[in-house]
Amino acid sequence: MNTLHVRAAMLLCAALCVAIPSARVAAQNDKPAPAAEQPASAEKPAANKPEADENKLPPLPPEKSVPQTMVLNGKTLHYTVTVGAYPTRDKDGKVAGEVVVTSYTMPGDDRPVTFAFNGGPGASSVYLNFGAIGPKHLQFGNEGDSPSDPTVLTDNQGTWLDFTDLVFVDPIGTGFSRSLVSEDESKKLFYSTEPDIEYLSRIVYDWLVKNDRLDSRKYLVGESYGGFRGPRVTYYLQSQLGVAMNGFVLVSPYLNPTVESHGDLSPLPWMVTLPPITAANLEREHKLTPEAMQDVIAYDEGEYATTLIKGRSDPAATDRMIQRVTEMTGLDPQFVKLSGGRLETEAYLREVHREQGKLGSVYDSNVTMFDPFPYAPEQRASDPLLATIIAPVTTAMVNFITHTVGWKVDARYNALSYEVGRLWQGGDALRDGSVTQLRDAVAADPKMRVIIAHGWNDLSCPFMGSVLSVNQMPVMGDPTRVSVHEYPGGHMFYTREASRMALHKDVMEMVSKH
């Protein structure tokens, strides 16, 4: 089982359902015309110059700031929202792209600053912004939420703004950020693993220099593939650009894909999926507690793992395991038996709500939608969570940036860009994960602290992958410097208010130690 492949297939399925009229492609994707359509020589007849000018994208607006207020725990906070574009350059110093950044800052001495990245690759930062840690909150991503619900922003009682300034970065191809070079050049400069880390690290550096914040305490938060970016950006800043981060928070990170390999021999892939599937069942039974999950993890790391390793050599142990897994997950006994107690993600998501004619989401299997193709041999629909969140977050962010902030831009906003996913070239660096950079960054700085935060129900980036990875790390000084925290919910566990508040508490405590 490879959950990255599961996610990619679902994203591709959704992307194929998006129809953009051909006459609007260039404007919608904010890309210049292909190189072959550009003037080949300065000697081109003057009569054709207006046509060439039409192929150029209009400039993005200058940086815009507005004062805002919110009420947090009965206290009014006064802050400034700033939206602007930062250039990113090729090796010759020519501007090749523009990265749009949304910042929330407050006056005060010794204010930390936190940089936020979402994942995908191809996701803008709106999910962390309006879902988790920004001063405004939008309801989305929970069972029963509808894409046509009104987009109402409320004061986020779980915002991190009370203890740190916030800078949300939209990588090239996401949000309003855009490439200014050809598709082939964009692949080289932006749409592969190492260049992505390098140019985004430079954006962090440029923001700090421009805003005179190099001496501030500095943190980073990354979600999903942003969690893959987190250790790599931190270590690149630390070792190459000369910017030392105090710590980082990885939210549902795609951290160590190697644990998902060799499921025919290794118990690890099945050890990773059993706990979140069990957590979802406990939640449906209203029995989900930290204590219950500790029992689940103990069985997963103990008898379940050893039984899988024994294989057919101990039939009695296998029978006991299948019975126990059936009880833990609430699944049909025959389904568990025929699966050999090894619960593959795609099969589970179609099975768990089949009697109701519904599908579970890979991001949280208790978020469902009706299966429009229930008799197909494989899932043909988009993921239930993805199907509901793109519309509300896009509407809310476009309204916020263009009306509330007044940063007037005539371009498409990409909350989740399938074009970036199509062009992305992961390579060996993606398959290697980011545990090496996590270890390197922590080893180099004895004061650095890291929180790895997961929702119990997440099957796209399951929490057990991080638990197993951290358990194998050497203790480097204080053993609590790198810690895994789990919360009720799924990949976007922060859409649950209680989990969002718990994350706020844990991160504020980490920052207070610096």
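All of the points below concern the structure found in this document. Treat the numbers as computed from the prediction; the structure is a model and nothing was measured.

**Overview of the environment of Lys 136**
Of note, Lys 136 is situated in strand S5 (residues 136-138). Taking relative accessible area as the criterion, Lys 136 reaches 14% and is therefore assigned buried. Sequence spacing of Lys 136 and Gln 157 is 21 residues, and the spatial spacing of their C-alpha atoms is 8.7 Å. The residues contacting Lys 136, other than those within four sequence positions of it, are Thr 69, Tyr 79, Asn 129, Phe 130, Leu 153, Thr 154, Asp 155 and Asn 156. At a separation of 2.6 Å, a polar atom in the side chain of Lys 136 contacts the side chain of Asp 155.

**Regarding the packing of aromatic side chains**
With the rule as written, the count across this model stands at 17 aromatic pairs. With centroids separated by 6.2 Å and ring planes inclined at 50 degrees, the aromatic side chains of Phe 176 and Trp 407 adopt a geometry described as tilted. In this pair, Phe 176 sits in the loop between strand S7 (165-169) and strand S8 (178-179) while Trp 407 sits in the loop between helix H13 (386-404) and helix H14 (418-423), placing the two residues 231 residues apart along the sequence. Both residues of the pair, Phe 176 and Trp 407, count as buried. Centre to centre, the rings of Tyr 487 and Phe 493 are 4.9 Å apart; their planes meet at 15 degrees, and the pair counts as stacked.

**Points about empty space enclosed by the protein**
With the rule as written, the count across this model stands at four cavities of 30 Å³ or more. In this structure, the second largest cavity occupies an estimated 90 Å³ of space. In terms of lining, the second largest cavity is formed by Pro 253, Tyr 254, Leu 255, Asn 256, Pro 257, Val 259, Glu 260, Ser 460, Cys 461, Pro 462, Gly 465 and Ser 466. Taken together, the residues of the lining of the second largest cavity break down into seven nonpolar, four polar and one charged.

**Regarding the packing of helix H7 (residues 225-241) against helix H16 (residues 435-444)**
The interhelical angle for the contact between H7 and H16, taken along N-to-C directions, is 45 degrees, at an axis separation of 8 Å. With respect to H16, the axis of H7 lies oblique. Where H7 crosses over H16, the two elements pack in a sense that is left-handed. Of the residues in H16, those touching H7 at Pro 231, Arg 232, Thr 234, Tyr 235 and Gln 238 are Gln 437, Leu 438, Asp 440, Ala 441 and Ala 444. Residues of the contact of H7 with H16, tallied by class, amount to five nonpolar, three polar and two charged.

**Structural notes on H16**
Residues of H16 that are buried: Val 435, Gln 437, Leu 438, Ala 441 and Val 442. In an axial view of H16, the angular spread of the buried residues amounts to 160 degrees, which keeps them on one side of the axis. Buried residues along H16 sit in contact with H7, strand S10 (247-251), strand S13 (449-455), helix H17 (463-471) and strand S14 (482-487).

**Digging into the pairing of strand S9 (residues 218-223)**
With six of six residues buried, S9 lies mostly within the body of the structure. Residues of S9 alternate between two faces, with Lys 218, Leu 220 and Gly 222 on one and Tyr 219, Val 221 and Glu 223 on the opposite face, all of them buried. Where strand S4 (residues 113-117) meets S9, five bridges bridge the pair, whose relative direction is parallel. Bridge pairing in S9 links Phe 115 to Leu 220. Taken together, the five bridges between S9 and S10 define a ladder with parallel strand orientation. Across the sheet, Val 221 pairs through a bridge with Val 249, a residue of S10. Between the parallel pair S9 and S10, the chain is carried across by H7, and the sense of this crossover is right-handed.

What counts and how
Residues numbered from 1 in each chain as written. Predicted model: local features only at pLDDT ≥ 70, side-chain atom pairs only at ≥ 80, totals over all residues. Heavy atoms only, no water. Helix = DSSP H or I, 4+ residues; strand = E, 2+ residues; numbered from the N terminus. Buried < 20%, exposed > 50% of the residue type's maximum accessible area, 1.4 Å probe, protein only. Contact = heavy atoms within 4.5 Å. Polar contact = N/O pair within 3.5 Å; in protein donor to acceptor, adjacent residues only side chain to side chain. Phe/Tyr/Trp six-rings, centres within 6.5 Å; stacked < 30°, edge-to-face > 60°. 1 Å grid on protein atoms, 1.4 Å probe; cavity = no way out; pocket = protein on both sides within 12 Å on 5 of 7 lines; lining within 4 Å. Points joined across faces, edges and corners; volume = space filled by probe spheres on them. Nonpolar A, V, L, I, M, F, W, Y, C, P; charged D, E, K, R; others polar. Axes fitted to C-alpha atoms, helices over the stretch in contact; angles between N-to-C directions. Parallel < 35°, antiparallel > 145°, perpendicular 65-115°, else oblique. Left-handed = near helix turned anticlockwise from the far one by under 90°. Arc of directions from axis to C-beta. Pairing = 2+ DSSP bridges. Right-handed = clockwise from strand over helix to strand, strands pointing away.

Spatial relationships are all this shows, so hold off on functional conclusions.
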